[in-house]
Amino acid sequence: MSDPDNIPREPFAVFCGLDVGKSEHHACALDPAGKRLHDKALPNDETALSALFTALSTHGRVLVVVDQPASIGALAVAVARTMGVEVADLPGLAMRRIADLHPGPGQDRRPRRAHHRRRRPDHAPHAAPGRDRR
């Protein structure tokens, strides 16, 4: 009998970091080469999240990384999972340590945090503890 966890999967084509907020999120999506596919704010709204994940899915397999999956990020996680998009979480302390290694422009750190959420799982998969959690 074959183990479903050992089935080879296609690599991720899109890594989307989502810095969640109560009323607005910031999403930064990159392809494996680092090309920005999306980098802007979006409302905490099921329709907007679905539209984003649908657009990103046209590029291939998507991984969404969320900083607060159990609280204000719960809607984003639910929408992604409903659409078959894989979800990982990145604890705030780990994200801050990564972000501190990379200088960012200006005072608005949300785009920078979203970008680093996107980067962490593919560079250090062991550091995204909720990556395969369902």
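Note: the structure precedes this text.
Overview of the structure. Since this is a predicted model, take the numbers as computed values, not measurements.

### A few points about the overall build of the chain
No. 1: Counting secondary structure elements, the chain contains four helices and five strands.
No. 2: Counting over 134 residues, the chain shows a buried share of 42%.
No. 3: A sequence separation of at least 24 residues applies to 55% of the contacts in the chain between residues at least 6 apart.
No. 4: Of the roughly 7,600 Å² that the chain leaves accessible, carbon and sulfur atoms contribute 53%.

### Side note on the environment of Ala 70
No. 1: Mapped onto the elements, Ala 70 comes out in the loop between strand 4 (62-66) and helix 2 (74-82).
No. 2: By relative accessible area, Ala 70 is classed as exposed at 74%.
No. 3: For the pair formed by Ala 70 and Asp 89, sequence separation is 19 residues and the distance between their alpha carbons is 9.5 Å.

### Quick notes on the packing of aromatic side chains
No. 1: Tallying each qualifying case throughout the model produces one aromatic pair.
No. 2: It is Arg 61 that lies over the ring of Phe 12; its NZ or CZ is 4.0 Å from the centre.

### Some thoughts on the packing of helix 1 (residues 46-57) against helix 2
No. 1: As a packed pair, helix 1 and helix 2 sit with axes 10 Å apart at the nearest point and diverge in direction by 45°. By the criterion of interaxial angle, the relationship of helix 1 to helix 2 is oblique. Read as a crossing pair, helix 1 and helix 2 show a hand that is right-handed. Contacts between helix 1 and helix 2 involve Glu 46, Leu 49, Ser 50 and Phe 53 from the former and Leu 75, Ala 76, Val 79 and Ala 80 from the latter.
No. 2: When grouped by side-chain class, the residues that make up the contact of helix 1 with helix 2 number six nonpolar, one polar and one charged.

### Considering the sheet that holds strand 2 (residues 24-30)
One key point about sheets: their strands pair by backbone hydrogen bonds, in either a parallel or an antiparallel sense.
No. 1: Strand order across the open sheet formed by five strands is 3-2-1-4-5, with mixed pairing between neighbours. Lying at the two open borders of the sheet, with one neighbouring strand each, are strand 3 (36-43) and strand 5 (86-89). Averaged over all pairs of adjacent strands, the angle between their axes in this sheet comes to 20°, without regard to strand direction.
No. 2: Two strands pair when backbone bridges link them, and strand 2 and strand 3 are joined in this way by seven bridges, in the antiparallel orientation.

### Things to note about the side chain of Arg 61
No. 1: For Arg 61, the location among the structural elements is in the loop between helix 1 and strand 4.
No. 2: There is a polar contact of 2.6 Å between the side chain of Arg 61 and the side chain of Glu 86.
No. 3: Setting aside its immediate chain neighbours within four residues, Arg 61 contacts Arg 9, Glu 10, Pro 11, Phe 12, Ala 13, Val 14 and Glu 86.

Conventions adopted
- Residues take numbers from 1 onward in each chain, read along the sequence in its written order.
- The predicted nature of this model means local features are confined to residues of pLDDT at least 70 and side-chain atom pairs, given and counted, to a pLDDT of 80 or more, with totals for whole chains, interfaces and linings taken over all residues.
- Computation of side-chain values: all heavy atoms of the structure, hydrogens and water removed.
- Secondary structure elements follow DSSP: runs of H or I no shorter than four residues count as helices, runs of E no shorter than two count as strands, and numbering proceeds from the N terminus.
- Each residue gets one of three labels from its accessible area relative to the maximum for its type: buried under 20%, exposed over 50%, partly exposed in between, using a 1.4 Å probe on protein chains only.
- Every residue pair with non-hydrogen atoms within 4.5 Å of one another is taken to be in contact.
- Surface accessibility follows the Shrake-Rupley procedure with a 1.4 Å probe radius. Residue values consider only the protein chains on display as shielding.
- Note on ring pairs: Phe, Tyr and Trp rings are taken, using the six-membered ring of Trp, and paired if centres are within 6.5 Å. Classes follow the plane angle, with under 30 degrees stacked, over 60 edge-to-face and the rest tilted.
- Think of it as a cone above the ring: NZ of Lys or CZ of Arg counts as a charge over the ring if it is within 6 Å of the ring centre and within 35 degrees of the ring normal.
- Whenever a helix is involved, its axis is fitted only over the stretch in contact; in every case the axis is a line through C-alpha atoms, and angles between N-to-C directions fall within 0 to 180 degrees.
- Working rule for angles: under 35 degrees goes down as roughly parallel, over 145 as roughly antiparallel, 65 to 115 as roughly perpendicular, anything else as oblique.
- The handedness criterion is simple: a crossing whose near helix is rotated anticlockwise from the far helix by less than a right angle is left-handed, and one whose near helix is rotated clockwise is right-handed.
- For this scheme, ten residues count as nonpolar: Ala, Val, Leu, Ile, Met, Phe, Trp, Tyr, Cys and Pro. Four count as charged, namely Asp, Glu, Lys and Arg, and the remainder, Gly too, count as polar.
- DSSP-based pairing: two strands are paired if at least 2 bridges between them are found.
- Pairing of N or O atoms within 3.5 Å defines a polar contact, subject to two protein rules: one partner must be a possible hydrogen donor and the other a possible acceptor, and residues neighboring in sequence count only if both atoms are side-chain atoms.

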